[in-house]
Amino acid sequence: MKISKEIGYIINIGLTSCRLFTVLSDSTLKEGPVTSYTISDPNDNGYLDGIIVHIKRVMLPYLANNPQMLQKVFVDSKFSEIFHSSSEEKDFVRRFYAETNLYFNVLSQKQTQNNLIRLFGDVTSGSVIINIGSRGVDILEIKATESIMHSLPVRLDLVDQYIKRKKFLRFGMKMKLFY
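Residues numbered from 1 in each chain as written. Predicted model: local features only at pLDDT ≥ 70, side-chain atom pairs only at ≥ 80, totals over all residues. Heavy atoms only, no water.

**Student:** Break down helix 1 (residues 47-64) for me, citing the residues and quoting the values.
**Tutor:** Over its 18 residues, helix 1 runs 25 Å from end to end, which matches the ideal 26 Å to within 8%, given 1.5 Å per residue. The sharpest bend along helix 1 reaches about 35° and sits at Val 58, with the proline Pro 61 one to four residues further on. Turning to helix 1, its buried residues are Tyr 47, Leu 48, Ile 51, Ile 52, His 54, Ile 55, Val 58, Met 59 and Leu 63. Next to the buried residues of helix 1 lie strand 1 (6-13), strand 2 (17-24), strand 3 (29-36), strand 4 (70-75) and helix 2 (86-100). (Helix = DSSP H or I, 4+ residues; strand = E, 2+ residues; numbered from the N terminus. Expected span 1.5 Å × (residues − 1). Bend = angle between axes of the 7 residues up to and from the residue. Buried < 20%, exposed > 50% of the residue type's maximum accessible area, 1.4 Å probe, protein only. Contact = heavy atoms within 4.5 Å.)

This is the structure we're talking about:
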């Protein structure tokens, strides 16, 4: 049995958190830590600066242990919606690179879909991948000829309010939300 070696890292930057994956020589990924940002609302002041600080403080130490390994950053396609202009996006990409030595590679929606399909391996037609985030729910529907992404504006705080309003929590029960 051949043992896969670690050959690189991928940092997947989402709107509210980022994930570190180790790339193995057999072209598979091993998921590492998932960490949330201090500022998770793109509309808050300091949001983009906070991502740079987070990457430098939390993710770069992992990369520093093996600097010779391949390092890539993939950014959720929803980032294209938070920049007010293409020049604002370009300025941030330059600043991100200057401070982290990594390229802020904003994926298209199709590239994001392809990455999800690769991440979950053998996905057959008729399958659905559901990504529950703190700012919404994305549903990737896999069909024989295409993949379609549906986004729902269901935030975790709305789910929390709904649960409390419906009084699902009784008799001292505790609720945990996983995302």
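**Student:** Go over the packing of helix 1 against helix 2, please, and point to the residues and values.
**Tutor:** Where helix 1 meets helix 2, the axes come as close as 10 Å, and the angle between the chain directions of the two elements is 25°. Viewed along their axes, helix 1 and helix 2 adopt a mutual orientation that is roughly parallel. The interaxial crossing formed by helix 1 with helix 2 has right-handed handedness. Where helix 1 abuts helix 2, its residues Leu 48, Asp 49, Ile 51, Ile 52, Ile 55, Lys 56 and Leu 60 lie against Phe 92, Arg 95, Phe 96, Glu 99 and Thr 100. Here the residues of the contact of helix 1 with helix 2 sort into seven nonpolar, one polar and four charged. (Axes fitted to C-alpha atoms, helices over the stretch in contact; angles between N-to-C directions. Parallel < 35°, antiparallel > 145°, perpendicular 65-115°, else oblique. Left-handed = near helix turned anticlockwise from the far one by under 90°. Nonpolar A, V, L, I, M, F, W, Y, C, P; charged D, E, K, R; others polar.)

**Student:** Can you tell me about the nonpolar core, naming the residues and giving the values?
**Tutor:** Among the nonpolar cores identified, the biggest contains 27 residues, and Ile 11, Ile 13, Ile 51, Ile 55, Phe 79, Phe 96 and Phe 104 are the most heavily contacted of them. Mapped onto this core, the elements with two or more residues apiece are strand 1, strand 2, helix 1, strand 4 and helix 2. Counting residues per element, this core draws most heavily on helix 1, at eight residues. If we skip the residues at most four places from it in the chain, Ile 13 touches Cys 18, Tyr 37, Ile 51, Ile 55, Val 73, Phe 74, Val 75, Asp 76, Phe 79, Phe 96 and Phe 104. (Core = buried A, V, L, I, M, F, W, Y, C linked by side-chain atoms within 4.5 Å.)

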